Amino acid sequence: MVVVVFAILGSLLGCGPTCRTTCETLYGSGQDQCNINVPDFEGEEGANRLIVECQATCEEAMTNTGTVGTYDPNSNNDTKIDIENEKQADLWMACVSTTSCDNMDKGFCQPHY
């Protein structure tokens, strides 16, 4: 019972990854950030644009209900992956928060925008 109360409180207080922190983890250049490079988004300005676009896409998905369906953040194929709803966004954010930057460079935690 106590654990459930703490879990609910933690989710209400914003513990865990958010769209912003997840996008900063992917594209930021600070400590514990992956600094993933994307063509046409070079340098600090490009990284900042990526973070903004990534966050907007994630937050839009968070406004939609739905199921995980066939979405797998670790599928590494040539098919473009879109996050469509809150369940998929939650799965994606959890993947980014628990995966090393080295593995992100290998294609884990898709999409990378």
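For every chain, the first residue of the written sequence is number 1, and numbering continues from 1 onward in sequence order. Totals for whole chains, interfaces and linings use all residues, but because this is a predicted model, local features are given only for residues with pLDDT of at least 70 and pairs of side-chain atoms are given and counted only at 80 or more. Values reported for side chains reflect all heavy atoms of the structure, with hydrogen atoms and water molecules removed beforehand.

Draft legend 1. Expanded view of the confidence of the model for the protein chain. pLDDT measures how confident the predictor is about each residue, on a scale from 0 to 100. Averaged over all residues, the pLDDT of the protein chain is 83; the fraction at 70 or higher stands at 83%. Contacts from residues 1-13, a stretch scored under 50 in pLDDT, to residues over four places away or in other chains number one contact. Contacts: residue pairs with any heavy atoms within 4.5 Å of one another.

Draft legend 2. Main features of the nonpolar core. Ranked by internal contacts, the top residues of the largest apolar core, which has 23 residues, are L26, Y27, I36, W92 and M104. Elements supplying a minimum of two residues to this core: helix 2 (19-27), helix 3 (43-62) and helix 4 (86-98). Buried residues of nine kinds, namely Ala, Val, Leu, Ile, Met, Phe, Trp, Tyr and Cys, make up a nonpolar core once their side-chain atoms join them within 4.5 Å. Three exposure classes are used, based on accessible area relative to the maximum for each residue type with a 1.4 Å probe and protein chains only: buried under 20%, partly exposed in between, and exposed over 50%. Each helix is a run of DSSP H or I of at least 4 residues and each strand a run of E of at least 2, with the numbering of both proceeding from the N terminus.

Draft legend 3. Fine view of the state of the cysteines. Disulfide: a pair of cysteine sulfur atoms within 2.5 Å of each other. By the definition in use, this model includes four disulfides. Here C23 is linked by a disulfide to C54, with a sulfur-sulfur distance of 2.1 Å. Linking C23 and C54, the disulfide has an S-S dihedral of approximately -75 degrees and is accordingly described as left-handed. With C23 in helix 2 and C54 in helix 3, the pair connects residues that are 31 residues apart, well separated along the chain. Judged by relative accessible area, which is 0%, C54 ranks as buried. Taking only the cysteines that form disulfides and numbering them from first to last, the protein chain has the pattern 1-5, 2-4, 3-7, 6-8.

Draft legend 4. Quick peek at helix 3. Its 20 residues give helix 3 an end-to-end C-alpha distance of 28 Å, which sits within 8% of 28 Å, the value for a rise of 1.5 Å per residue. Among all positions of helix 3, only G46, A47, L50, I51, C54, Q55, C58 and A61 are buried. Viewed along the axis of helix 3, the buried residues span an arc of 165 degrees, placing them on a single side of the element. Relative to its buried face, helix 3 has exposed residues pointing more than 90 degrees away, namely E45 and V52. Its buried side turned inward, helix 3 meets helix 2 and helix 4. Expected helix span is taken as 1.5 Å per residue step, with the number of steps being one fewer than the number of residues. Directions drawn from the helix axis to the C-beta atoms are what define this arc.

Draft legend 5. View of the side chain of Q88. Locating Q88 in the fold gives a position in helix 4. Here the side chain of Q88 touches V68 through a polar contact of 3.2 Å, landing on its backbone oxygen. Polar contacts here mean pairs of N or O atoms no more than 3.5 Å apart (in protein, one a potential hydrogen donor and the other a potential acceptor; neighbouring residues in sequence count only if both atoms are side-chain atoms). Within polar-contact distance, the side chain of Q88 engages the backbone nitrogen of E84 at 2.7 Å. The contact partners of Q88, leaving out residues within four places of it in the chain, are T67, V68, Y71, D82 and I83.

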